[in-house]
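These are the residues of each chain, in order.
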Amino acid sequence: MLKRLFFIFTITSHAILTYAQLTPQTVSIPMRDNKFLSGHVYVPPGCTQCPAILIQTPYNKIWFQFGLPLGIGTNLNNSNYAFVIVDWRGFYGSAPAYVPNPNRGEDGYDIIEWITQQSWSNGKVGTWGPSALGLIQYQTAKEQHPAHICAVPLVSAPQTKYTDYFPGGVYRREFVEQLDALGYGLSTVLLSNPVKNIYWNFVESSTWYPQDIKIPLMMIGGWYDHNIDGMLEFFQGIQTNSHPSVQNKHKLIMGPWAHGGNGTAYVGSLQQGELQYPQAAGDNDSLAMAFFDFYLRNVNNGIDNLPARYFFNTGLNTWVGNPPQPSNINFYLSDNAKLSFTGNVTYGDTTITYNPSDPSPTHGGATLKQGLLQGPYDQTSVVESRNDIAKFTSDDIILLQPGAFTINGKIIAHIFVSSDQTDTDIALRLTDFFPDGRSILISETIRRLRFRNGYTINDTAAAVPGQVYEMVIDFPALFHSVPIGHKLRLDFTSANYPRFDANPNCGGALYQPCDTNVAHNTIYYTSAHSSYLEVPFIIANNIEENTTQNYFYVYPNPTHDVVYIQTAENPMMDNFLMLTLSDVYGREILKTKITHQTLQLNLNNLSNGLYLISIANDKNQILQTKKIIKQ
């Protein structure tokens, strides 16, 4: 519960009375304009000169009294760091410092300057935080305070783009409504600029600044978040354009995580939607703390050897460092509701009816608003059982090539459509169709027909009813394997509400009242109009596959000193097994042949932290890997 307080910004009075609290020192931090920001300071007992972790929040610093991040909780004695938590200018305790259009990066600079002047400070500051708390870290890093040593922004990217709020030209209604509820008040200016114009050109150019980054960043994101592409783009930018001294020090961690702030899913949680990812649970904290230890405490823990891109495969449930570059393969839409990767297509078309008064509902995905599900959910009963959908499902992926089929990058949909209205939407969902019949959402996208040629006012054009148009629609990037027995499915609808605004189909001014029209929208897969998905893929024979069979058991876990490994009574192979103990960065610590069903390992000489135990057969094929924690 304590951990989730950083992602959920409401709490009951009962919780306030029930949970242990820290007692911070309340401080007023001077800014260059002679105003003051309100902060809470937590200094570990016995700290005379220690590094600080700065967190700047618009969600009220008070909640951190119920537990500090990065595994500290309410046990401040366990911390090697002082924590400084500051309300944003204009929010909560810092409300009196309000000014229009503040430079929050300058505020961050001034806070760091104040930290360096405190008696407990050793002059080194790192920053941490998710979402808005991540955005302000980039803005602070841009100001280049010499004591700002490193930063760990989570599920956040600095650049603000038109398509962040109008993906495919469609207003992200629930997202903006939630931001308004949190006090940002963006809807008025956004709805005044529903096409890409001079306003968006200025915003996009002024928020892109990889060349101004002079400190190492560990960017931590999630494949079920809405900031995937922004994080990937900015990471590529800092690898090539940040200060040369840090270009090879940045890390991008992409886990199987949703944005957080809603429901049971958050960065690092076991549960994500209807799936669980124990192989990644808590890794965000352990990796971030290792990053801070390396740069703020000079601990030689090997984090510098972690691959620059450390991605979690959401289909095979395993971490992969620097995945190989993909090739492309096309999946063609075909008659009989098929996705064909052979090119053997049966031609036809399918028409769906879209009623704006009863739009296809949002069910999971990269949502933010309270009350909506977030993360990977089964679409069969809520979305795919309706009559306003066309479903296209591949054959078993094993027919393509032996080994799991891994999507690595952005899928581009080339969809040929017509409508009997002058404007409508094309909404696509991509699912992993499980052998048990579940259709688990892994990505989604949308595009408005009037924006088929681009997003400026000159690009927009009404559709001619009955005319066929090609819509090029890109999905956010994925790193997902479709294992043996699973299939890919494409769901074609004309709404995904309330995640995206429901098009009234009237063709009038955007987001202005008008009469709603029922649309009949047709998708084509003919010789002249061949709809297909362009899929970037790698064959993942060399990536560990998840298995339901336990080849070995580990106990106790967590452990203080000794761990026991017990192999299954009837392992699948007759030959010997090899055990490998490695750290979280893949460095081998121990390798030994298993000669008895129970093996004892002494971990006394290892530092506290996360380790991996793998069992391989005599052909060096990994059968299973499990995570252990030494504490």
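The following refers to the structure shown. Note that the structure is predicted; figures quoted are calculated from it, not measured.

1. Some remarks on the sheet that holds strand β29 (residues 588-594)
The 4 strands are arranged β29-β28-β31-β32 in an open sheet whose pairing can be described as antiparallel. Sheet topology places β29 and β32 (622-630) at the edges, where each strand pairs with a single neighbour. Taking each pair of neighbouring strands and ignoring which way they run, the sheet shows an average axis angle of 20°. Pairing of strand β28 (residues 577-583) with β29, which is carried by 6 bridges, proceeds in the antiparallel orientation.

2. Points about unusual backbone geometry
That bond from Y497 to P498 is cis: its omega, 15°, falls within 30 degrees of zero. Tracing the sequence through the fold places P498 in the loop between β23 (487-493) and β24 (519-525). The backbone of N336 shows a phi angle near 65°, a positive value even though the residue is not glycine. Note that N336 resides in the loop between β13 (327-334) and β14 (338-340). Phi at Y511 takes a positive value of approximately 60°, unusual for a residue other than glycine. Looking at where Y511 falls in the secondary structure, it is placed in the loop between β23 and β24.

3. So, the environment of S119
Among the structural elements, S119 can be located in the loop between α2 (104-116) and β5 (121-130). Taking C-alpha positions, S119 is 18 Å from L76, a pair spaced 43 residues apart along the chain. Not counting the four nearest positions on each side in its chain, S119 is found in contact with T48 and Q49.

4. Details of the sheet that holds strand β30 (residues 598-602)
Strand order in the open sheet formed by 3 strands is β26-β27-β30, and the pairing between neighbours is antiparallel. Two strands lie at the open edges of the sheet, namely β26 (552-555) and β30, each paired on one side alone. Ignoring which end each strand starts from, the neighbouring axes of this sheet average 20° apart. Relative to strand β27 (residues 562-567), β26 runs antiparallel, the two being bridged by 4 bridges. Bridge assignment links F552 to a residue of β27, and that residue is T567.

5. Things to note about the state of the cysteines
As enumerated under the stated definition, the model contains 2 disulfides in all. One disulfide in the model links C47 with C50; its S-S distance is 2.0 Å. In this structure, the disulfide formed by C47 and C50 twists by about -90° around the S-S bond and is classed as left-handed. Of the two residues, C47 and C50, both sit in the buried class. Each sulfur in the disulfide pair C506 and C514 lies 2.2 Å from the other. Every disulfide takes its handedness from the sign of the S-S torsion; for C506 and C514 that torsion is -90°, giving left-handed. Along the chain, the cysteines that take part in disulfide bonds pair up as 1-2, 3-4, counted in sequence order. Counting only cysteine sulfurs, C50 is the nearest neighbor of C150, a cysteine outside any disulfide, at a range of 14 Å.

6. With respect to the packing of aromatic side chains
Evaluation of the coordinates by the stated rule reveals 33 aromatic pairs. Judged by centre distance (6.4 Å) and plane angle (80°), the rings of W88 and Y184 are edge-to-face. Of this pair, W88 sits in the loop between β4 (82-87) and α2 while Y184 sits in the loop between α5 (173-181) and α6 (187-191), placing them 96 residues apart in sequence. We classify W88 as buried; its relative accessible area is 7%. You can call Y184 partly exposed: its relative accessible area is 23%. Here the aromatic cluster, defined as three or more aromatic residues joined through ring pairs, consists of Y162, Y165, F166, Y171, F175, Y199, W200, F451, Y455 and Y511. Over the ring of F175 we find R172; its NZ or CZ atom is 3.8 Å from the centre of that ring. In this arrangement the basic side chain of R452 is found over the ring face of Y469, its NZ or CZ atom lying 4.1 Å from the centre.

7. What to know about the environment of A265
Topologically, A265 is positioned in the loop between β8 (251-258) and β9 (271-272). With relative accessibility at 3%, the residue A265 sits in the buried group. Taking C-alpha positions, A265 is 9.8 Å from Y224, a pair spaced 41 residues apart along the chain. Those residues in contact with A265, other than ones at most four positions away along the chain, are A258, G260, Q271, Q272, G273 and Q374.

8. Examining the nonpolar core
One recurring pattern in soluble globular proteins is that nonpolar side chains are buried together. Grouped together as the largest cluster of nonpolar side chains are 50 residues, with contacts concentrated most on F83, V152, M218, I220 and F292. Looking at this core, the elements with two or more residues in it are β3 (50-57), β4, α3 (132-143), β6 (148-154), β7 (218-224), β8, α9 (283-296) and β11 (309-313). Sorting elements by how many residues they give to this core places α9 first, with 9 residues. Excluding anything up to four places from it in sequence, M218 contacts A151, V152, P153, K251, I253, L287, A288, F291, I303 and L306. In this structure, L449, M471, L490 and I523 belong to the second largest nonpolar core, which totals 34 residues.

9. Observations concerning the pattern of salt bridges
Following the criterion strictly, the structure yields 22 salt bridges and no others. Close ionic contact of E204 with K196 constitutes a salt bridge, the shortest N to O distance being 3.3 Å. According to the relative accessible area criterion, E204 is buried, its value standing at 15%. Residue K410 is joined to D474 by a salt bridge in which the shortest nitrogen-to-oxygen separation is 3.0 Å. Of the two residues, K410 sits in the loop between β17 (405-409) and β18 (412-419) while D474 sits in strand β21 (residues 469-474), which places them 64 residues apart along the sequence. With a relative accessible area of 30%, K410 lands in the partly exposed category. Through salt bridges with shared partners, a single ionic network connects R173, E177, K369, D425, R448 and D501.

10. Remarks on the environment of N604
Assignment of secondary structure puts N604 in the loop between β30 and β31 (609-616). Other than its neighbours up to four places away in sequence, N604 contacts H560, D561 and K630.

11. Let's talk about α3
The periodicity of an α-helix, 3.6 residues per turn, causes residues three or four positions apart to be oriented the same way. In this model, α3 (12 residues) spans 17 Å end to end at C-alpha, consistent with the 16 Å of a helix rising 1.5 Å per residue. Of the positions making up α3, those classed as buried are A132, L133, G134, I136, Q137, Y138, T140 and A141. Of the surrounding elements, those touching the buried residues of α3 are β3, α2, β5, β6, β7 and α8 (228-241). Looking at the residues trailing α3, positive phi occurs at Q144, about 60°.

What counts and how
- Residues numbered from 1 in each chain as written.
- Predicted model: local features only at pLDDT ≥ 70, side-chain atom pairs only at ≥ 80, totals over all residues.
- Heavy atoms only, no water.
- Pairing = 2+ DSSP bridges.
- Helix = DSSP H or I, 4+ residues; strand = E, 2+ residues; numbered from the N terminus.
- Axes fitted to C-alpha atoms, helices over the stretch in contact; angles between N-to-C directions.
- Contact = heavy atoms within 4.5 Å.
- Disulfide = S-S within 2.5 Å.
- Buried < 20%, exposed > 50% of the residue type's maximum accessible area, 1.4 Å probe, protein only.
- Phe/Tyr/Trp six-rings, centres within 6.5 Å; stacked < 30°, edge-to-face > 60°.
- Lys NZ or Arg CZ within 6 Å of the ring centre and 35° of its normal.
- Core = buried A, V, L, I, M, F, W, Y, C linked by side-chain atoms within 4.5 Å.
- Salt bridge = Lys/Arg side-chain N within 4 Å of Asp/Glu carboxyl O.
- Expected span 1.5 Å × (residues − 1).

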